[in-house]
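A look at the structure
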Amino acid sequence: QRLKAAVHYTVGCLCQEVEEDKGVQFSKQSIAAISEITFRQCEIFAKDLEMFARHAKRTTVTTEDVKLLARRSNSLLKYITQKSEELASSNMEQKEKKKKKSSVAKGERTPGEQEAAVTENEDSNMA
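The residue count restarts for each chain, going from 1 along the sequence in the order it is written. For a predicted model such as this one, the threshold for reporting local features is a pLDDT of at least 70, and the threshold for listing and counting side-chain atom pairs is 80 or more; totals across whole chains, interfaces and linings nevertheless cover every residue. Side-chain metrics in this entry use all non-hydrogen atoms of the structure; hydrogen atoms and water are not considered.

Right, let's talk about the overall build of the chain for a bit. Scanning the chain from terminus to terminus reveals 5 helices and 0 strands. Its helices and strands in sequence order give the chain the pattern α-α-α-α-α, from N to C terminus. Summary of the burial criterion: residues with accessible area below 20% of their type's maximum are buried, those above 50% are exposed, and those between are partly exposed, where the area comes from a 1.4 Å probe applied to protein chains only. Out of the 127 residues in the chain, the part that is buried amounts to 13%. The contact criterion used is simple: two residues touch if any of their non-hydrogen atoms lie within 4.5 Å. By sequence separation, contacts in the chain at least 24 residues apart represent 21% of the contacts at least 6 residues apart. We get accessible surface area from the Shrake-Rupley algorithm with a probe of 1.4 Å; when it comes to residues, only the shown protein chains can shield them. Accessible surface computed for the chain: about 10,900 Å², of which carbon and sulfur atoms make up 55%. Starting at the N terminus, helices and strands are each numbered in turn, a helix being any DSSP run of H or I of at least four residues and a strand any DSSP run of E of at least two.

Now the structure itself:
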C-alpha cells in the first residue's frame, strides 16, 4: 500500500512538471489511472525479471535480465547498457583503489613503485 502511494505521488509530481513545461492539465482521475497502470506494469516487470533469472538457474536478477526486459525499446536499452558500463568501470576503479590501499598498508609496492625501484637500482648499478 505504501509503495502504491509512493508511485501515485511520483506520478503526480511528474504530471505537475509536464503541466508546467507543456501547459497541459491532468485531471485527478487521469493521474490516478496513470499511477495504476504504472504500478501494474512494474509488477509485470518484476515477475518477468524473476522468471528470466529463474530460467537462467539463478536466484539473483542481473543487469543482463534488465537488458532483456528493455530489449523492445532501443533508447531504453542503450541507456541501461551505458549506465551498466559506467557502473562496472566505477566498480573496477574502486576495487583498484582498495587493492592499492591494502598493499600499501601491508608494506607491498604497487606496480608503479616496483618499476621505479627497478629503474632506480639499474641507474645506481650503472654508476
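A separate point is the packing of helix 1 (residues 2-22) against helix 2 (residues 28-55). Direction vectors running N to C along helix 1 and helix 2 enclose 125 degrees, while the axes themselves pass 9 Å from each other. One finds that helix 1 runs oblique with respect to helix 2. At the point where helix 1 passes helix 2, the crossing takes the right-handed sense. Contacts between helix 1 and helix 2 involve L3, K4, V7, H8, V11, G12 and C15 from the former and I31, A32, I34, S35, E36, T38 and F39 from the latter. Gly falls in the polar group here, along with every residue not listed as nonpolar (Ala, Val, Leu, Ile, Met, Phe, Trp, Tyr, Cys, Pro) or charged (Asp, Glu, Lys, Arg). In terms of residue class, the contact of helix 1 with helix 2 is built from 8 nonpolar, 4 polar and 2 charged. Axes, fitted as lines to C-alpha atoms, cover a helix only where it is in contact. Angles between the N-to-C directions of the axes lie from 0 to 180 degrees. For classification purposes, angles smaller than 35 degrees are called roughly parallel, those larger than 145 roughly antiparallel, those between 65 and 115 roughly perpendicular, and all remaining angles oblique. In this scheme the crossing of two helices becomes right-handed for a clockwise turn of the near helix relative to the far one and left-handed for an anticlockwise turn of less than a right angle.

What follows is about the side chain of D65. Within the secondary structure, D65 is located in helix 3 (residues 63-69). Setting aside residues no more than four positions away along its own chain, D65 makes contact with L49, F52, A53, R58 and T60.

To continue, consider helix 1. Multiplying one less than the number of residues by 1.5 Å gives the expected span of a helix. Look at helix 1: 30 Å from first C-alpha to last across 21 residues, which is about the 30 Å you get at 1.5 Å a residue. Those residues of helix 1 lying buried are V7, V11 and C15. Each buried residue of helix 1 sits inside an arc of 70 degrees when the element is viewed along its axis, so together they form one side. Relative to its buried face, helix 1 has exposed residues pointing more than 90 degrees away, namely R2, Y9 and E20. A positive phi of about 75 degrees marks G23, the residue just after helix 1. What the arc describes is the spread of directions from the helix axis to the C-beta atoms.

Right, let's get into the confidence of the model for the chain. One number per residue, pLDDT, summarises how confident the predictor is, and it ranges from 0 to 100. When pLDDT is averaged across the chain, the result is 85; 81% of the residues are at 70 or more. Element-level mean pLDDT values for the chain span from 49 in helix 5 (residues 111-126) up to 96 in helix 2.

The next subject is the pattern of salt bridges. When a carboxyl oxygen of Asp or Glu is within 4 Å of a side-chain nitrogen of Lys or Arg, the pair counts as a salt bridge. One pass over the full model with this rule turns up 6 salt bridges. E36 serves as the salt-bridge partner of K4, at 3.5 Å between the closest nitrogen and oxygen. Of this pair, K4 sits in helix 1 while E36 is found in helix 2, placing the two residues 32 residues apart along the sequence. Among the residues examined, E36 registers a relative accessible area of 26% and is labelled partly exposed. Put simply, R54 and E50 hold a salt bridge, and the shortest N to O gap is 3.0 Å.

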